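Okay, here's what each chain looks like letter by letter:
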Amino acid sequence: MKYTKVLIRFGDLMLKGKNKRVFIERMIAAIKLNIKDLNITMDKRHDRVYLNINEVQESVVKERLNRIAGIGSYSFVVECESTLEAIKEVTVELLNQKAKPGSTIKFESKRADKNFPFTSQEISRHVAGMVLKALDGIYKVQMINPEITVYIELREDKSYVYLDSIKGMGGFPVGVAGKGLCLLSGGIDSPVASYLAMKQGIENEGIHFESTPMTSIESAQKVLDLAKKIAIFAPRHEYKVHMVPFSIIHERILTDIYEPYMITVMRRMMFRIAEKLALKRKALVLITGESVGQVASQTLDSMKTIEEVTTIPILRPLITYDKQDIVSISKIIDTYDVSIQPFEDCCTVYVPKEPATKPSGKKAAYYESFFVGYEALIDQVIEQTRTFIVTPTSTFDLTLHGFTVEEAWEAINHD
């Protein structure tokens, strides 16, 4: 017996009251986007979505549904008539094909059709007795922590039987919470932060501070390769990356700033630039991959001193995560292998031997006073920022076009 449908549950967005309709419409649009190339049709109900999966493989359906924010859970189900005999027959066949004999089992029923002559508990008891009799004692009923749970849903027109509830991405449809700008490096953390923000409904664009030729063109290419992975979760499967030509500021920091404060001042410059670009892009927040204590710039003192130069809210989705948690998520979203490629960006090259871990805003401002004219340079690099629109199938390769991002940009657009 093949599963014929997928039952999709909406998760947290069912709690949104008067805004629920808008949230559901966003999620329906996301589902359509992710199945449009498959032989799947959709049946919408007020609190459920059913997909008719036809001959599409279960693994393909899972891969598509697991990338959609807002799905609380889903189940592969078998549809049948709403009679106890039909439900029994489907259940027996499902257990014969997909369950291990000798397992403990229980039955859970949900009766949406209140005209059905039995309560949910009575349905479970009747079906359990019929199934166990038909299978001649192969399974043993156990109400607490059984190995198998048979789920039965009775609707007005049909009933559905299934054995598993698969956890979805959860959260809210991307975009319902507004837009942010994510400081995107080539490391493990920031792509995960971008993903987690999208999971909670925040559409975001990436901003990357590239320092070619001080850093390699492969470093910038790595960021675009990460963006291809992130784009899978984005609306329209598009993820914008704003490449800021940071080398002119980077060079001045290396020559003009007291060494222990180089990273602090660099991050302050990045936040100033990101805030101005966020205003241009109508983004409401900045998003970073910072986690407490991982590096010198991520102590509480450092974060406080760095963000003093901005007024825009800073979201840090990873703030309490340990590294292994972050790595685990990066593997789930398929960014890990790209992130660990050995190409350093401007935050990982020329690192001071003894960076300040408890910098003060007063001292940072003092050392910045030696960086004469940085305000004009900030405006200059914002003006020169190049935006790449990245999709999961984007094919542009910066390494084929130039030794700097600007040269690659010109070559790509000339082609």
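Residues numbered from 1 in each chain as written. Predicted model: local features only at pLDDT ≥ 70, side-chain atom pairs only at ≥ 80, totals over all residues. Heavy atoms only, no water.

So, about the packing of helix H3 (residues 84-98) against helix H4 (residues 120-134). Where H3 meets H4, the axes come as close as 9 Å, and the angle between the chain directions of the two elements is 50 degrees. Here H3 is positioned oblique relative to H4, judged by the angle of their axes. As for the relative orientation of H3 and H4, their crossing is right-handed in sense. Contacts between H3 and H4 involve Leu84, Glu85, Ile87, Lys88, Thr91, Val92 and Leu95 on the former and, on the latter, Ile123, His126, Val127, Met130, Val131 and Ala134. Residues belonging to the contact of H3 with H4 are distributed by class as follows: nine nonpolar, two polar and two charged. (Axes fitted to C-alpha atoms, helices over the stretch in contact; angles between N-to-C directions. Helix = DSSP H or I, 4+ residues; strand = E, 2+ residues; numbered from the N terminus. Parallel < 35°, antiparallel > 145°, perpendicular 65-115°, else oblique. Left-handed = near helix turned anticlockwise from the far one by under 90°. Contact = heavy atoms within 4.5 Å. Nonpolar A, V, L, I, M, F, W, Y, C, P; charged D, E, K, R; others polar.)

A few words on the packing of helix H8 (residues 262-280) against helix H13 (residues 374-383). With their axes 10 Å apart at the nearest point, H8 and H13 run at an angle of 50 degrees to one another. The orientation of H8 with respect to H13, classified from their angle, is oblique. For the crossing formed where H8 meets H13, the hand is right-handed. Seen from H8, the contacting residues are Met269, Arg272, Ile273, Lys276 and Lys280; seen from H13, they are Tyr374, Ile378, Asp379, Val381 and Ile382. Grouping the amino acids of the contact of H8 with H13 by side-chain chemistry returns six nonpolar, no polar and four charged.

The next point concerns helix H14 (residues 405-414). Turning to H14, its buried residues number three or more, namely Val405, Ala408, Trp409 and Ala411. Its buried side turned inward, H14 meets strand S11 (202-210), helix H6 (217-231), strand S12 (239-245) and strand S15 (386-390). (Buried < 20%, exposed > 50% of the residue type's maximum accessible area, 1.4 Å probe, protein only.)

Per the UniProt record, "domain: THUMP" (unreviewed entry) is annotated on residues 59-165. Summarising residues 59-165: 35% helix, 27% strand, and an end-to-end C-alpha distance of 15 Å. (UniProt positions renumbered as here; feature names shortened; annotations may be inferred.)

If you walk across this open sheet you meet the six strands as S14-S13-S10-S11-S12-S15, and the pairing is mixed. Bordering the open sheet on either side are strand S14 (314-315) and S15, each of which pairs with just one other strand. When S12 meets S15, the two strands line up antiparallel, connected through five bridges. Within S15, the position partnered with Val241 by the bridge is Phe388. (Pairing = 2+ DSSP bridges.)

In this section: the pairing of strand S5 (residues 104-111). Counting buried positions along S5 gives six out of eight residues, so the element sits mostly inside the fold. Judged from the two bridges that link them, S5 and strand S6 (residues 140-141) form a sheet pairing that is parallel. For Ile105, the partnering residue across the bridge sits in S6 and is Val141. One crossover worth recording links S5 to the parallel S6 by way of H4, and it is right-handed. (Right-handed = clockwise from strand over helix to strand, strands pointing away.)

Taken from the UniProt record, the annotation "binding site: ATP" (unreviewed entry) applies to Leu183, Leu184, His208, Phe209, Arg267, Gly289 and Gln298. With respect to the element layout, Leu184 can be found in the loop between strand S10 (178-183) and helix H5 (189-199). Filtering out sequence-adjacent residues up to four positions away, Leu184 remains in contact with Ser190, Pro191, Gly206, Ile207, His208, Val223, Ile230, Tyr239 and Val241. Checked against the element boundaries, His208 lands in strand S11.

Along H13, the positions that sit buried rather than exposed are Tyr374, Leu377, Ile378, Val381 and Ile382. Mapping the buried residues of H13 onto a view down its axis gives an arc of 135 degrees, with all of them on the same face. Along H13, the residues that are exposed and aim more than 90 degrees away from the buried face are Ala376 and Glu383. If you follow the buried residues of H13, they end up packed against S12, helix H7 (247-256), H8 and helix H12 (361-368). (Arc of directions from axis to C-beta.)

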